[in-house]
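Fold and geometry: a report
Listed here are the chains, written in short residue letters.
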Number of protein chains: 2
Amino acid sequence: MQHNETLDRTFFALSDPTRRKILERLTDGPATIGELAEPFGLTLNGLKKHVGLLEAVGLVTTEKVGRARECRLGPAQMEEVTSWIDTYRRDWARRLDGFGAFVEERR
Amino acid sequence: MQHNETLDRTFFALSDPTRRKILERLTDGPATIGELAEPFGLTLNGLKKHVGLLEAVGLVTTEKVGRARECRLGPAQMEEVTSWIDTYRRDWARRLDGFGAFVEERR
């Protein structure tokens with residue numbers, strides 16, 4: 001597998017509980033930066049930083065609506081993350097199978 | 001969903017390309033710290049730090065064998081990570097379905 005920066009950045013974006021909560025909140029529908037900041041007890045700037053990180057990996061998109069900035073879920077579906085995990089698990093399972101067969105043969 | 005530290009730490013552990021490569025390498029079988037450090041061009045201490053992070057979330061286990069420390073894949077199967085992603089995707093799909101029904105109704 002090659003080095004994949006999307007993977008680095010998406011895993012990192014998801015490693016923060018506030019950013020995961022922002023995503024969870026947005027599954028209920030769009031929200032402005034201000035609406036998101038309040039329940040998290042974050043400043044607008046603090047929240048903007050988190051949203052910026054999520055936006056950079058396509059998990060969130062934002063749009064200016066009047067004087068507010070509206071956030072909604074972006075097009076990224078974390079396919080690369082799940083595909084990496086699936087491959088890892090499959091390779092591991094294959095190795096365990098191979099090891100089981102080896103033990104069987106030696107009986 | 002509650003704050004889940006395993007989730008924070010597992011996503012963070014996976015956000016580094018060297019740590020992912022260590023996991024990929026270990027799907028081929030156990031390796032000592034020295035054997036892992038060499039192909040990555042890392043010092044033993046640099047590698048130990050990465051392995052320590054993976055060990056803390058159960059993705060790797062290590063065992064002293066003679067004078068070396070052998071690493072192998074640990075019991076963690078990233079269930080919490082995949083379960084979080086699955087829930088997120090399901091909630092989002094449900095919302096999109098609901099939105100579709102709403103648009104249909106108004107036609």
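In what follows, the structure referred to is the one given above.
The following paragraphs examine the structure supplied in this document. (Residues numbered from 1 in each chain as written. Chains lettered and ligands numbered in written order. Predicted model: local features only at pLDDT ≥ 70, side-chain atom pairs only at ≥ 80, totals over all residues. Heavy atoms only, no water.)

1. A look at helix 4 (residues 44-56) of chain A
Residues and elements named next belong to chain A. Condition: Comment: elements are numbered from the N terminus, with helices defined as DSSP H or I runs of at least four residues and strands as E runs of at least two. Take the residue count of a helix, subtract one, and multiply by 1.5 Å to get its expected span. Only protein chains enter the area calculation, which uses a 1.4 Å probe; residues under 20% of their type maximum are buried, those over 50% are exposed, and those in between are partly exposed. By arc we mean the arc of the directions from the helix axis to the C-beta atoms, nothing more. Whether two residues are in contact is decided by their heavy atoms: any pair within 4.5 Å suffices.
Across its 13 residues, helix 4 extends 18 Å between first and last C-alpha, which sits within 8% of the 18 Å expected from 1.5 Å per residue. Of all the positions in helix 4, only Leu47, His50, Val51 and Leu54 are classed as buried. The buried residues of helix 4 all sit within an arc of 95° when viewed along its axis, so they share a single face. Counted as exposed and oriented over 90 degrees from the buried face of helix 4: Asn45 and Lys49. Where helix 4 is buried, its residues touch helix 1 (5-14), helix 2 (17-26), helix 3 (33-40), strand 2 (60-65) and strand 3 (68-73). After helix 4 finishes, the residue Gly58 shows a positive phi value of roughly 80°.

2. Quick look at the pattern of salt bridges
Selection criterion: What makes a salt bridge here is a side-chain nitrogen of Lys or Arg within 4 Å of a carboxyl oxygen of Asp or Glu, nothing more.
As enumerated under the stated definition, the model contains ten salt bridges over all chains in all. Here Arg90 of chain A and Asp91 of chain A are joined by a salt bridge, their closest N and O atoms 3.9 Å apart. In this structure, Arg94 of chain B engages Asp91 of chain B in a salt bridge whose closest nitrogen and oxygen atoms are separated by 3.5 Å. Note that Arg94 of chain B and Asp91 of chain B are positioned in helix 5 (residues 79-106) at a spacing of three residues, about one turn of the helix. Residue classification places Arg94 of chain B among the exposed residues on the basis of a relative accessible area of 51%.

By themselves, these observations are geometric and do not establish any function.
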